[in-house]
Amino acid sequence: MHAPRPPLIPIDLLLRAYRAGIFPMADSRDDPEIFWVEPRERAIIPIRGFHCSRSLARTLRREVFTVTCDTAFPAVVDACAAPRPGHPESWISERVAASYRALHDAGHAHSIECWEDGELVGGVYGVAFDRVFCGESMFSRRRNASKVALAWLLALLERAGCELFDCQFMTEHLASLGAVAIPQHEYLDRLSAAHAPQPMSLPDAYAALLSEASGDGSSEGAASSPGKRIAQFLTHTS
């Protein structure tokens, strides 16, 4: 007989927590319990502050990966929770993952996916509310796949009117991409300032980009491709 599944974290509770500057984690993949985290120091990537290196810009322009939005949200979460070399466990338990899937179904969680020959090889997901996006986790199975996903995400969020991108904890990798550390009280101030309806959702910003790229006509050819637009946008603003 299977043990009963732990209850989902209610959507309204999750959104209240994020608006208060806290988020859930679990001790392991199989842990049915959660705990709430409020870091003393918060990592954010300022909107218009993403560091797009020349090599990453080339990768974006070449469109090495096919990039989609909200095409495979559950698969991105599962890939982020999967064991990695040196990291056999994950804070993304099945209860946490299921709760984010419900949040996605309610329109408050989104993903960016990178594909190669039909295979999901990278992605990032997070929670969206007001003019805030909280990046939760990302994964990569090919060189630069997670960087491409994050680059697309930051560019689309700026186009959508987002004002605050939270990436929780500072790492050297995030710092190389433009992340900065701020005290929690400053994060809460920025969170409060971003409490307003966002002009456009992330999926709408993605759809608008594809529409613009396909509607430019043939005169610019490949120059109007989505990847080249993303690279141009980031190198002009970073």
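Residues numbered from 1 in each chain as written. Predicted model: local features only at pLDDT ≥ 70, side-chain atom pairs only at ≥ 80, totals over all residues. Heavy atoms only, no water.

J.: Mind showing me how you'd approach the packing of helix H1 (residues 11–19) against helix H4 (residues 94–105) here?
T.: Between two packed helices, both the angle of their axes relative to each other and the distance between the axes serve to describe the pair. Close contact between H1 and H4 brings their axes to 10 Å; oriented N to C, the two are set at 90°. Relative to H4, H1 is oriented roughly perpendicular. Mapping the contact onto sequence places Ile 11, Leu 14, Leu 15 and Tyr 18 in H1 and Ser 99, Tyr 100, Ala 102 and Leu 103 in H4. (Axes fitted to C-alpha atoms, helices over the stretch in contact; angles between N-to-C directions. Helix = DSSP H or I, 4+ residues; strand = E, 2+ residues; numbered from the N terminus. Parallel < 35°, antiparallel > 145°, perpendicular 65-115°, else oblique. Contact = heavy atoms within 4.5 Å.)

J.: Is there a simple way to explain the pattern of salt bridges in this structure?
T.: Two side chains of opposite charge can pair, provided their charged atoms sit close to one another. Summed over the entire model, instances satisfying the criterion amount to 13 salt bridges. When the shortest N-O distance is used, the salt bridge between Arg 101 and Asp 78 registers 4.0 Å. Here Asp 78 lies in helix H3 (residues 73–81) and Arg 101 lies in helix H4, a separation of 23 residues in the sequence. Of the residues examined, Arg 101 reaches a relative accessible area of 23% and is grouped as partly exposed. Judged by its relative accessible area of 42%, Asp 78 is partly exposed. The closest approach of N and O atoms between Arg 142 and Glu 116, which form a salt bridge, is 2.7 Å. (Salt bridge = Lys/Arg side-chain N within 4 Å of Asp/Glu carboxyl O. Buried < 20%, exposed > 50% of the residue type's maximum accessible area, 1.4 Å probe, protein only.)

J.: How should a positive patch on the surface be read in this particular structure?
T.: Together, Arg 54, Arg 58, Arg 61 and Arg 62 make up a region of like positive charge exposed at the surface. With respect to the helices, strands and loops of the structure, Arg 54 is situated in helix H2 (residues 54–62). (Patch = residues over 30% accessible without salt bridge, like charges linked within 9 Å, V, L, I, M, F, W, Y side chains within 5 Å. Areas by Shrake-Rupley, 256 points an atom, 1.4 Å probe, with all protein chains shown as cover. Lys, Arg positive; Asp, Glu negative; His and termini not counted. Charge placed at Lys NZ, Arg CZ, Asp CG, Glu CD.)

J.: Would you explain the sheet that holds strand E5 (residues 109–116) in this entry?
T.: One key point about sheets: their strands pair by backbone hydrogen bonds, in either a parallel or an antiparallel sense. In space, the seven strands of this open sheet follow the order E4-E5-E6-E7-E8-E3-E9, with mixed pairing throughout. The open sheet has two edge strands, strand E4 (66–69) and strand E9 (180–183), and neither has a second partner. Neighbour to neighbour, the strand axes of the sheet diverge by 30° on average, direction disregarded. Here strand E3 (residues 41–44) pairs with E9 via four bridges, running antiparallel. Counted as the bridge partner of Ile 44 is Val 180 from E9. The strands touched by helix H7 (residues 184–193) within the sheet are E3, strand E6 (119–129), strand E7 (132–140), strand E8 (164–168) and E9, with E9 carrying the most contacts at an inclination of about 95°. (Pairing = 2+ DSSP bridges.)

J.: Sorry if this is basic, but what is going on with H1 here?
T.: For an α-helix the count is 3.6 residues per turn, leaving residues at separations of three or four pointing the same way. Taken together, the buried positions of H1 are Leu 14, Leu 15, Ala 17 and Tyr 18. Buried positions in H1, seen along its axis, are confined to an arc of 160° and lie on one side of it. Its buried side turned inward, H1 meets strand E1 (23–25), strand E2 (35–37), H4, E6, E7 and H7. A positive backbone phi angle near 85° is found at Gly 21, which sits one or two residues after H1. (Arc of directions from axis to C-beta.)

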